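# Breakdown of the fold
The primary structure of each chain is shown beneath.
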Amino acid sequence: MRVCVLGSGSKGNSTYIEGENTKILIDGGLSKLELEKRLMQIDVNPSEINAILITHEHSDHISGISNFSKKYGCKVYAHSDAWTVLSDKLVGVEFKNQYEFNGSDFSINELNISTFDLDHDAIHCVGFSVSCNKTKFSIATDLGHTTPEIIHNLSSSDLVVLEANHDIQKLKTNTKYPYSLKQRILSNHGHLSNQASADTLIQMLGNKTRAVIFGHLSEENNTPDLVVDTVKQTFINNGALPEREIKIDIAKQHKPSTIYKIKNN
Ligand SMILES: [Zn+2]
Ligand SMILES: [Zn+2]
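Residues numbered from 1 in each chain as written. Chains lettered and ligands numbered in written order. Predicted model: local features only at pLDDT ≥ 70, side-chain atom pairs only at ≥ 80, totals over all residues. Heavy atoms only, no water.

## Things to note about the coordination of the zinc ion (ligand 2)
- Around the zinc ion (ligand 2), the protein supplies His56 (NE2), His58 (ND1), His120 (NE2) and Asp142 (OD) as donor atoms, at distances of 2.2 to 2.5 Å.
- Read in sequence order, the donor residues for the zinc ion (ligand 2) give the motif H-x1-H-x61-H-x21-D.
- Between the zinc ion (ligand 2) and the zinc ion (ligand 1) the interatomic distance amounts to 3.5 Å, and aspartate 142 serves as a bridging ligand to the pair. In this pair, histidine 56 sits in the loop between β4 (51-53) and α2 (59-62) while histidine 120 sits in the loop between β8 (111-118) and β9 (125-132), placing the two residues 64 residues apart along the sequence. (Donors = N, O, S within 2.8 Å, 3.2 Å for Na, K, Ca; no water. Helix = DSSP H or I, 4+ residues; strand = E, 2+ residues; numbered from the N terminus.)

Here is the structure:
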């Protein structure tokens, strides 16, 4: 399996996943042009995308999907609850390309997909695990807090994308953000802070996960250095050392990440 985060943050989210014969996106929150550009940057022809999976209906996760699916005819999968509002937002997606899931696992060719619920201020927000040939990739962004089910899904994955949205202190002292918005972000159905994300990493440490890409960083209330420092300090505070080295990476808003190849070994 090959994985690349094409873009991550409040200005647009999309992650590319490739199996042996299948190419999918999780979310398409960049414009169609930008999705095309970033796919071509990693040598993927946009017309080869088989399907787009949607985590939730917020525009930073769906804004390019209507035009992209209209042009290339790819299938679009979302939770049945989310389709109640997505149908109006994604008018370019032909009815025959609209697929719904509802908690049960499903597959797209050789890729097996499972979903897990995330608490976020959307109609129904999910994280995804994509498995193929005994390798597993999971993504959890846009969540106010973690649950044992989320930790279980992440810890059994070779590669994880996990939200590290904000530094709590930086958010609280940001004079540009109104109180109500701060409360929304900090709430149980808002976004995961660096500290909550680092605590999650400690909880999911096992001998399976080889790399964690932190994503959905706020450009206003976070920096990559703050994420890395928080993770390092949390490891020190917990006296925790991973059984094997884990690569820590930060997904960017404006350019694709490293391409990760995960193999069964
Ligand atoms: Zn988002
Ligand atoms: Zn959201």
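Now, onward.
## Brief notes about the coordination of the zinc ion (ligand 1)
- Taken together, Asp60 (OD), His61 (NE2), Asp142 (OD) and His216 (NE2) make up the full set of protein donors to the zinc ion (ligand 1), lying 2.2 Å away.
- Considering all four donor atoms around the zinc ion (ligand 1), the spread of angles at the metal, 93 to 164°, places the coordination shape in the irregular class.
- Read in sequence order, the donor residues coordinating the zinc ion (ligand 1) give the pattern D-H-x80-D-x73-H. (Tetrahedral: all angles 85-135°; square planar, octahedral: opposite > 155°, others 65-115°.)

## Details of the packing of helix α5 (residues 148-155) against helix α8 (residues 194-204)
- Between α5 and α8, the shortest axis-to-axis distance is 9 Å and the interhelical angle comes to 65°. You can see that α5 and α8 cross each other, and the crossing is right-handed. Of the residues in α8, those in contact with Ile151, Leu154 and Ser155 of α5 are Thr200, Gln203 and Met204.
- Among the residues making up the contact of α5 with α8, the classes are represented as three nonpolar, three polar and no charged. (Axes fitted to C-alpha atoms, helices over the stretch in contact; angles between N-to-C directions. Left-handed = near helix turned anticlockwise from the far one by under 90°. Contact = heavy atoms within 4.5 Å. Nonpolar A, V, L, I, M, F, W, Y, C, P; charged D, E, K, R; others polar.)

## Examining the pairing of β9
- Among the eight residues that make up β9, seven are buried, leaving the element largely enclosed by the rest of the structure.
- Pairing analysis gives seven bridges linking β8 to β9, with the strands arranged antiparallel. The partner of leucine 118 across the bridge, within β9, is cysteine 125.
- As consecutive antiparallel partners, β8 and β9 are separated by six residues. (Buried < 20%, exposed > 50% of the residue type's maximum accessible area, 1.4 Å probe, protein only. Pairing = 2+ DSSP bridges.)

## Describing the packing of α8 against helix α9 (residues 224-238)
- Packing of α8 against α9 brings their axes to within 9 Å, and their N-to-C directions diverge by 50°. Judged by the angle between their axes, α8 and α9 are oblique. The element α8 and its partner α9 pack so that their crossing is right-handed. Contacts between α8 and α9 involve Asn194, Gln195, Ala198, Asp199, Leu201 and Ile202 from the first element and Leu226, Val227, Thr230, Val231, Thr234, Phe235 and Asn238 from the second. (Parallel < 35°, antiparallel > 145°, perpendicular 65-115°, else oblique.)

## Thoughts on helix α1 (residues 32-41)
- Those residues of α1 lying buried are Lys32, Leu35, Glu36, Arg38 and Leu39.
- Structurally, α1 contributes buried residues whose contacts are with β1 (2-7), β2 (14-18), β3 (23-26) and α3 (65-72).
- Following α1 by one or two positions, aspartate 43 adopts a phi angle in the positive range, close to 60°.

## Description of the pattern of salt bridges
- Inspection of the entire model under this criterion finds 11 salt bridges.
- Where lysine 71 meets glutamate 36, a salt bridge forms, and the shortest distance between an N and an O atom there is 2.9 Å. With a gap of 35 residues between them, lysine 71 in helix α3 and glutamate 36 in helix α1 connect regions that are remote in the sequence.
- A relative accessible area of 6% places glutamate 36 in the buried class.
- If you follow the salt bridges from partner to partner, you end up with Lys32, Glu36 and Lys71 in one network. (Salt bridge = Lys/Arg side-chain N within 4 Å of Asp/Glu carboxyl O.)

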